[in-house]
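Coordinates in review
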Amino acid sequence: MKLQDIVVQEAILPQLKAGARDDAIAEIMDALVDSGAVSPELRDEFIEAIIRRENRGSTGFGHAVAVPHVKHAAIQKMVVAIANSPAGVEFNALDKQPVHSIFLLLSPEDKPEDHLDAMEVIFGNLSNETFRRFLRQAKGVDDIVTLLEEADANAQSR
């Protein structure tokens, strides 16, 4: 699985405005709705599901990144949105530091293997310090898309 196959380019936010976790999740979900990847009628339901998931245990795993995610019966196609927060978002991360890069993953409930594959690809890249640094330094959507292309190319060459 490639990042480019699941990331919705129209839902890449290089300058997230929200400063609080729940507001950040809503802003990212709005980008997915605006891109056409998520139905407006399901917006609030998905936000609530992601927040419930976060309340059970933060997906902020340290190194200034978080991967909020949810599997849901109404999701037909796996999608990922990416957001960068220059100011940082309090995500109750494991290292107690603010989160600057967020990958929000929505997966079909009936395809758990695909969800795991997507998580593996996302975490594989986010565990790479160089990838995290370039992601955080990205100034626009094109910079992030180029980074995703390079990450996918590097994964294929391994």
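Look above for the structure.
Our subject in this report is the structure included herewith. Residue positions are given per chain, counting from 1 as you read along its sequence in written order. Residues qualify for local features only when their pLDDT is at least 70, as the model is predicted, and side-chain atom pairs are given and counted only at 80 or more; totals for whole chains, interfaces and linings, by contrast, use all residues. By convention in this description, side-chain values take in all heavy atoms of the structure and omit both hydrogens and water.

1. Thoughts on helix α4 (residues 112-126)
In an α-helix there are 3.6 residues to a turn, and that puts residues three or four apart on one side. Working definition: helices are DSSP H or I runs of at least four residues, strands are E runs of at least two. Numbering for both runs from the N terminus. Multiplying 1.5 Å by the residue count of a helix minus one yields the expected span of that helix. The first and last C-alpha atoms of α4 sit 21 Å apart over 15 residues, in line with the 21 Å expected at 1.5 Å per residue. Exposure categories follow from relative accessible area, calculated using a 1.4 Å probe and restricted to protein chains: below 20% of the type maximum is buried, above 50% is exposed, and the middle band is partly exposed. Residues H115, A118, M119, V121, I122, N125 and L126 constitute the buried set of α4. Taken down its axis, α4 places every buried residue within 165° of arc, on the same side. α4 presents E113, L116 and E120 as exposed residues on the side facing more than 90 degrees away from its buried surface. To be clear, the arc concerns the directions from the helix axis to the C-beta atoms.

2. Quick notes on the environment of R132
Take R132: it is sitting in helix α5 (residues 129-137). Beyond its immediate sequence surroundings of up to four residues, R132 is in contact with H63, V65, L126 and S127. Definition of a polar contact: a pair of N or O atoms within 3.5 Å, with one able to donate and the other able to accept a hydrogen when the atoms are protein atoms, and with sequence-neighbouring residues admitted only if both atoms are side-chain atoms. Among the polar contacts made by the side chain of R132, one reaches the main-chain carbonyl oxygen of S127 at a distance of 3.3 Å. Residue contacts follow a heavy-atom distance rule, with two residues in contact if any of their heavy atoms lie within 4.5 Å.

3. Comments concerning the nonpolar core
Nonpolar core, defined: a set of buried Ala, Val, Leu, Ile, Met, Phe, Trp, Tyr and Cys residues in which side-chain atoms within 4.5 Å join the residues together. Counting 32 residues, the largest nonpolar core has L16, I28, M29, L32, L104 and L106 as its most contacted members. Listed by contribution, the elements that provide at least two residues to this core are β1 (7-13), α2 (21-35), α3 (43-56), β5 (79-89) and β6 (99-108). Broken down by element, this core gets its largest block of residues, eight residues, from α2. Counting 24 residues, the second largest nonpolar core, distinct from the first, contains I12, V65, F103 and L105.

4. Structural notes on the side chain of D152
Here D152 is to be found in helix α6 (residues 141-157). Here the side chain of D152 touches L3 through a polar contact of 2.9 Å, landing on its backbone nitrogen.

5. Here we look at the pairing of β5
Counting buried residues in β5 gives nine out of eleven residues, a clear majority hidden from the surface. The criterion for strand pairing is that DSSP finds at least two bridges linking the strands in question. Strand direction decides the pairing type here: β1 and β5, joined by three bridges, are parallel. By the bridge assignment, V7 is partnered in β5 with V80.

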